[in-house]
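Chain and residue survey
Take a look at the letters that make up each chain.
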Amino acid sequence: MCGIVGYIGEDQAAPILLNGLEKLEYRGYDSAGVAVCDGGSIQVEKCKGRLKVLADLIDQGEKIPGTVGIGHTRWATHGKPSDLNSHPHVSGQGKFAVVHNGIIENHLMLKEFLLKQGKQFLSETDTEVVAHLLEYYYQGDVLDAIIQVLHQVEGSYALGILCEDIPDQIFAVRKQSPLIIGLGQHENFIASDIPAILSKTREIYRLENNEIAQIKKDQVMIYDLEKNIVQKERCHIDWDISAAEKGGYEHFMFKEIMEQPKAIADTIQPRIQEGRIVLDDMTLTKEDLEQFRKISIVACGSAYHVGVVAKYVIEKLTRIPVDIDVASEFRYRNPIIDEKVLVIVISQSGETADTLAALHEAKRLGARVLSIVNVVGSAIANESDDVLYTWAGPEISVATTKAYSTQLTVVYLLAVYMADLMGLISRQEYQGYLDDLCHLPGQIEMILKKKDQLQTLASRYFNAKDIFFIGRNIDYAMSLEGSLKLKEISYIHSEAYAAGELKHGTISLIEDGTLVVALATQDTLFEKMMSNVQEVTARGAVVLGLTTEDHPEMEKSATHTFYIPKTNDLMLASLAVIPLQLFAYYVASMKGCDIDKPRNLAKSVTVE
Ligand code: F6R
């Protein structure tokens, strides 16, 4: 996720900005830049690549004079990683320089307006509209210009702003994306995250939504949108630096689990406009969809598990048959693929070698390829005909959580979009699905609040030798993911089984005290699942039942029951996965495992 740093004081700004940005590197980025004001004009230096490339370009900051500046590390969302798309962005006459975290949702409409005013755009980013708009509205008072711009832009933002005419001030504003102001002695800072300034100060103001900060080296003033002065309370930060990078959490995996409501909201919200799903630059038409004889999904690991859910969801809503393949198998099985097949490739990194090879095979056979990817500009994204990005932000823990959840979200958006395009669902059903999608982040928050229950359960079973996960249909797909999550980080042997398949072999492994996690979230299959729960309890299993709030009967059969809220059956996977992630996390934590970097595993598997 992008990072922002700003400095105003008596020292040279550029080295301090580089240092602050380095502290934000853990968040992931693909380009970096700084803008520094030296009393007169604003000097901007920025480039694609690691921070070191920028640091070398500006001689570790020494090359740029000036004591006031803003810096940024960019994690691409709108526009590929490139020198021009890097921040800061500058207005046409160079009066304003802007760094931005978040997404300006109405940037296309604003860009159209600005183009009509003769503004020229250099980048593909949504951010550049902010720089041009500031200059457009500026009539000598920067605060007034900022307020006018804020009335125009929609979306989420943390902004750091420099104005050439006022070289002794930085301006900062936020809505939904975090921004703090660090308070020093004859120096002040802005930052998107605490680690960036922790070596300089521990005294901060937390900027709230729609507060505008006017920052001088000896004074910080905060205003609301009516230009009233806002009184702020200082906060003292007592975290150590490594805790700060993880937002105070012990592990990135836990941080990323907790970030899921926001990641899902970021993936959904910009794509629902005026009650309709708007899918980026999607080129698939109704005619295209109607001529596909099947959809073939390829992916690896957890992304493959998303594909298993997608099979149920897409088939149910579009009635197009869906195949699902592990990418490393797909290319060696001589798949029956041609131009009448839509191949959907799912990959967080967009670089997984097996998935990329499967994509090449699909293209060679003439298929149309749509990918669901988290990393903008990655190989898979670049080589696909259509790309839907999961705006999860960078995922640092090797075991995926928020990328998995946002992949599921994109699958729902896509399936509902396709069903609507093909005229297969009524207006009412369409609206119902959109409402359910929008409720997911809040429902996940509710589950996260019950995390202590899962910690308690983990404390009872973290010494288990084998743990089984069972479920039917989508719950089977969730069993696969729950089992993988557990085994990859806790090293406990685990199997996932389609519940009806148990008695064809695996049930011989169940003995006194074996833990079986039984997922029964689907109304229509609840009774069938209860029979399977009884089958295993009769053989001595201890059952952790996972079901929706309207099925208290689970408690009669299961040893423990965990409830999730109700949503439509197709989207329950998004809720069911949360307790499974938390359970795996707590078990691994109690076993003292290296949770963020499990043995033998890599975040991005770029070899076959
Ligand atoms: C498991 C996990 C992996 C990945 C798999 C595919 O927690 O993260 O199974 O899902 O390696 O990676 P991507 O999605 O980058 O193609």
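Here is a short report on the structure shown in this document.

Cut-offs used in this document
- Residues numbered from 1 in each chain as written.
- Predicted model: local features only at pLDDT ≥ 70, side-chain atom pairs only at ≥ 80, totals over all residues.
- Heavy atoms only, no water.
- Helix = DSSP H or I, 4+ residues; strand = E, 2+ residues; numbered from the N terminus.
- Rg over C-alpha atoms; globule rule 2.2 N^0.38 Å.
- Buried < 20%, exposed > 50% of the residue type's maximum accessible area, 1.4 Å probe, protein only.
- Contact = heavy atoms within 4.5 Å.
- Areas by Shrake-Rupley, 256 points an atom, 1.4 Å probe, with all protein chains shown as cover.
- Lys, Arg positive; Asp, Glu negative; His and termini not counted.
- Charge placed at Lys NZ, Arg CZ, Asp CG, Glu CD.
- Phe/Tyr/Trp six-rings, centres within 6.5 Å; stacked < 30°, edge-to-face > 60°.
- Lys NZ or Arg CZ within 6 Å of the ring centre and 35° of its normal.
- Axes fitted to C-alpha atoms, helices over the stretch in contact; angles between N-to-C directions.
- Parallel < 35°, antiparallel > 145°, perpendicular 65-115°, else oblique.
- Nonpolar A, V, L, I, M, F, W, Y, C, P; charged D, E, K, R; others polar.
- Salt bridge = Lys/Arg side-chain N within 4 Å of Asp/Glu carboxyl O.
- 1 Å grid on protein atoms, 1.4 Å probe; cavity = no way out; pocket = protein on both sides within 12 Å on 5 of 7 lines; lining within 4 Å.
- Points joined across faces, edges and corners; volume = space filled by probe spheres on them.
- Near = heavy atom within 4 Å.
- Polar contact = N/O pair within 3.5 Å; in protein donor to acceptor, adjacent residues only side chain to side chain.
- Pairing = 2+ DSSP bridges.
- Right-handed = clockwise from strand over helix to strand, strands pointing away.

Quick look at the overall build of the protein chain now. When helices and strands are counted, the protein chain shows 20 helices and 26 strands. Taking 2.2 N^0.38 as the reference for a compact globule, 608 residues should give roughly 25 Å; the C-alpha atoms of the protein chain span a radius of gyration of 26 Å, in line with that estimate. Expressed as lengths along the three principal axes of its C-alpha atoms, the size of the protein chain is roughly 80 × 55 × 45 Å. In the protein chain, buried positions account for 60% of the 608 residues. Looking at the protein chain alone, contacts between residues at least 24 apart form 72% of all its contacts between residues at least 6 apart. With the model as given, the accessible surface of the protein chain reaches about 23,300 Å², and the carbon-plus-sulfur share is 47%. For the protein chain, the distance from the average site of its 59 positive side-chain charges to the average site of its 83 negative ones is 3 Å.

The next subject is the packing of aromatic side chains. Applying the stated criterion across every chain, the model contains nine aromatic pairs. Aromatic side chains F96 and Y138 sit 5.3 Å apart centroid to centroid with 85 degrees between the ring planes, which places their arrangement in the edge-to-face category. With F96 in strand β6 (residues 96-104) and Y138 in the loop between α4 (128-137) and α5 (142-152), the pair connects residues that are 42 residues apart, well separated along the chain. The exposure class of F96 is buried, given its relative accessible area of 0%. Under the relative-accessibility criterion, Y138 is labelled buried at 14%. Each ring, one from F113 and one from Y136, has its centre 5.3 Å from the other, and the planes form 85 degrees; the classification is edge-to-face. Placement of the pair is F113 in helix α3 (residues 107-116) and Y136 in helix α4, with a sequence separation of 23 residues. On the accessibility criterion, Y136 (34% relative accessible area) is partly exposed. Following the ring pairs from residue to residue traces out a cluster consisting of Y249, F254, Y585 and Y586. One residue, R271, lies across the ring of W391, its end atom 4.2 Å from the ring centre.

Running from N to C, helix α14 (residues 402-421) and helix α20 (residues 572-590) point in directions that differ by 170 degrees, and their axes come no closer than 10 Å. Judged by the angle between their axes, α14 and α20 are roughly antiparallel. Of the residues in α20, those in contact with Y404, S405, L408 and Y412 of α14 are A573, S574, V577 and Q581. Its residues placed into classes, the contact of α14 with α20 shows five nonpolar, three polar and no charged.

Before going further, it helps to spend a moment on the pattern of salt bridges. Counting across every chain of the model gives 29 salt bridges. Measuring nitrogen to oxygen at the nearest pair gives 3.4 Å for the salt bridge that ties K217 to D218. D218 gets classed as exposed once you look at its relative accessible area, which sits at 51%. Counted as one network, the salt bridges with shared partners bring together E10, K217 and D218.

The tally for this structure, following the rule as stated, stands at one cavity of 30 Å³ or more. Empty space within the largest cavity amounts to approximately 40 Å³. V5, I16, N19, G20, A196, S199 and K200 together form the lining of the largest cavity. The element that contributes the greatest number of residues to the lining of the largest cavity is helix α1 (residues 13-23), accounting for three residues. Looking at the lining of the largest cavity residue by residue, the classes come out as three nonpolar, three polar and one charged.

Close contacts around the ligand come from 13 residues, with S347, Q348, S349, T352 and E488 the closest. Within the contact set of the ligand, an oxygen atom lies 3.4 Å away from a backbone nitrogen or oxygen of V398. In isolation the ligand offers 410 Å² of accessible surface; the protein chains occlude 89% of this area. For the shell around the ligand, the secondary structure elements donating two or more residues are α10 (301-318) and α17 (474-490). Looking at the shell around the ligand, the element that brings in the most residues is α10, giving three residues. Across the shell around the ligand, the residue classes break down as four nonpolar, seven polar and two charged.

To continue, consider the packing of α14 against helix α15 (residues 427-448). Put simply, α14 and α15 touch, their axes get as near as 11 Å, and they point 170 degrees apart. On the basis of the axis angle, α14 is roughly antiparallel to α15. Touching T409, Y412, L413, V416 and D420 of α14 are R427, Y430, Y433, L437 and L440, all from α15. For the contact of α14 with α15, the per-class residue count stands at seven nonpolar, one polar and two charged.

For the rest of this paragraph, the subject is the side chain of S91. Relative to the elements of secondary structure, S91 occurs in the loop between β5 (89-90) and β6. Of the polar contacts made by the side chain of S91, one reaches the backbone nitrogen of K95; its length is 3.2 Å. The contact partners of S91, leaving out residues within four places of it in the chain, are F96, A131, H132 and E135.

Of all seven residues in strand β25 (residues 542-548), seven are buried, a share of seventy percent or more. Residues of β25 alternate between two faces, with V542, L544, L546 and T548 on one and V543, G545 and T547 on the opposite face, all of them buried. Pairing of strand β24 (residues 515-520) with β25 involves six bridges; the strand directions are parallel. Bridged to A520 within β25 is T547. Handedness of the crossover joining β24 and β25 through helix α18 (residues 526-537): right-handed. Bridge count between β25 and strand β26 (residues 560-564): five bridges; the pairing is parallel. Directly across from L544, in β26, lies its bridge partner H560.

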